[in-house]
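Survey of secondary and tertiary structure
Given next are the chains, with one letter for each unit.
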Amino acid sequence: MSAETTLLILGASGDLTSRLLLPALGQLLTLEPHRRIRLRGAGIDDWDDAHWRETVRRSFESAGFAAAFDAIAETTYQRADITDPGDLARLLSDRDGRLALYFAVPPAVTKAACEALVGVEIPEGTVLALEKPFGVDEVTARALNATLERLVPEAQVFRIDHFLGRSTTLNLLGVRFANRIFAPVWSAQHIESVVIRYDETLGLEGRAGYYDRAGALADMIQSHLLQVMAILAMEPPATLHERDFRDATSAVLRATHVWGGDPATASRRARYTAGTIGERQLPSYADEPGVDAARQTETLAELVCEVRNERWRGVPFTLRSGKALPEKKGEVVVTFRRVNHVPEGLVGQAPGSVLRFSLGPDHMDLELNVNGGDDPFELERATIGADLGEGALKAYGEVLSGILDADATLAVRGDAAEESWRIVDPVLAAWRAGEVPLEEYPAGSLGPEGWPVLP
Ligand code: BG6
């Protein structure tokens, strides 16, 4: 059987592969059984084909997609040092159909592997998929982009951001662009503020090696939440094809600056101390194994941005994300301005209407002022809600389907990755300089006292 695509996973024996990538592949092959894939794993561990096949089979099975295993044309494993040009050349020469190279390895290894690839012949049409973080600041993101430019055309580079595959993120597009009641009012003239928040109940989950050097700002805001903001704020594109879509989202990021141009007043940071979330007792972040408390890594971050263009100037976009919070809550909240005049005779407050998207479970609410049931002249608040459903594919499956189809619409473009760092770099610098205090909050609380309550 000939495969349309060879998916070569570099770092196949690692945790990311079995935890995220293979279950997503299992789902994709279940929902799209027409796909013909040859799956190859390569990694530093001395596995044989049988061990690899068993890993794939078990990952599919545990995610509930056992039958998808039979849809794979063939699967083999090779032990390789992916930072060695000789090993890479050997891996790349063995393929069937188009090749997709997935770097499921830590960023430093991805960087070294990309540098090693410069001297290797890469088959035409090869797609490179890179996990976040993409660089650690604007300078390193630029350097990595410069290396990638020497390997394949930009449209074949997939900087992965699974939030771009989330059905709710994509729902923002339909609601805004396909409804006359929203499309014309989607601007500073009618919208007062936007909040994009992602609260997690998870703590460190044994990820100190990565997280303690990243922190909430780089882990969530620099990547995922700025991407969501770019989708919400983009100019209406003519199509949702790769070029139009990514031109529009990149233009938003280019226009984005920290609020008031002052990273110290536009940002907040905090770290959790010991506490309880439901039944779980969490130790203080600083006491977690592998954490260097002196690094002052934040587990909760907030950044207020402004998109300085005609459409958005003056509207605060508040991005907040944190760990060890009492409730998992991902939301995009668009608060409209109040009407200019409420006719005399209507009693009560008429705050601006609010459009709220929950990111998993996917749901949308529109909060409106209406006439009260008891006294028809008294204003009350009413909410119209809709469950938006899950989207057939989970976020990672959506991302993977783009990679296998070589359609980069839902991948981060090189310039966007650089811009996102350009936005947050001054904030990280202000934090390092001690211009913003590292506050504390007990795990399971809503965050430090005194932080603004989000709508
Ligand atoms: C990842 C972050 O990119 O996104 C994690 O590294 C975070 O820290 C995760 O927990 C959140 O996304 P999801 O889809 O798992 O809720």
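Anything mentioned here points back to the structure above.
Attention in this report is confined to the structure presented alongside it. Since the model is a prediction, treat every value here as computed from it, not as a measurement.

Attention now moves to the sheet that holds strand 4 (residues 98–103). An order of 3-2-1-4-5-6 is seen for the six strands of this open sheet, with the pairing classed as parallel. In this open sheet, the two edge strands, each paired with only one partner strand, are strand 3 (72–79) and strand 6 (157–159). Mean inter-strand twist for the sheet, computed between neighbouring axes without regard to direction, equals 15°. Both strand 2 (residues 37–43) and strand 3 contribute to a ladder of seven bridges, which runs parallel. By the bridge assignment, A42 is partnered in strand 3 with Q78.

A separate point is the site of the ligand. Around the ligand, a shell composed of K132, H162, F163, R166, Y198, E200, R207, D219, M220, H224, K323 and K328 is seen. Interatomic distance of 2.8 Å between a side-chain N/O atom of K323 and an oxygen atom of the ligand. Protein contacts shield 77% of the accessible area of the ligand, which totals 390 Å² for the unbound molecule. When residues of the shell around the ligand are assigned to their parent elements, the largest contribution, three residues, is made by helix 7 (residues 208–233). Classifying every residue of the shell around the ligand by side-chain character gives three nonpolar, two polar and seven charged.

Moving on, we come to the packing of helix 7 against helix 8 (residues 242–254). The geometry of helix 7 relative to helix 8 is characterised by a closest axis approach of 8 Å and an angle of 110° between their N-to-C directions. Considering their axes alone, helix 7 and helix 8 lie roughly perpendicular with respect to each other. Of the residues in helix 8, those touching helix 7 at L226, Q227, M229, A230, I231 and A233 are F245, T249, V252 and L253. Across the contact of helix 7 with helix 8, the residue classes break down as eight nonpolar, two polar and no charged.

Rules and cut-offs
Residues numbered from 1 in each chain as written. Predicted model: local features only at pLDDT ≥ 70, side-chain atom pairs only at ≥ 80, totals over all residues. Heavy atoms only, no water. Pairing = 2+ DSSP bridges. Helix = DSSP H or I, 4+ residues; strand = E, 2+ residues; numbered from the N terminus. Axes fitted to C-alpha atoms, helices over the stretch in contact; angles between N-to-C directions. Near = heavy atom within 4 Å. Polar contact = N/O pair within 3.5 Å; in protein donor to acceptor, adjacent residues only side chain to side chain. Areas by Shrake-Rupley, 256 points an atom, 1.4 Å probe, with all protein chains shown as cover. Nonpolar A, V, L, I, M, F, W, Y, C, P; charged D, E, K, R; others polar. Parallel < 35°, antiparallel > 145°, perpendicular 65-115°, else oblique. Contact = heavy atoms within 4.5 Å.

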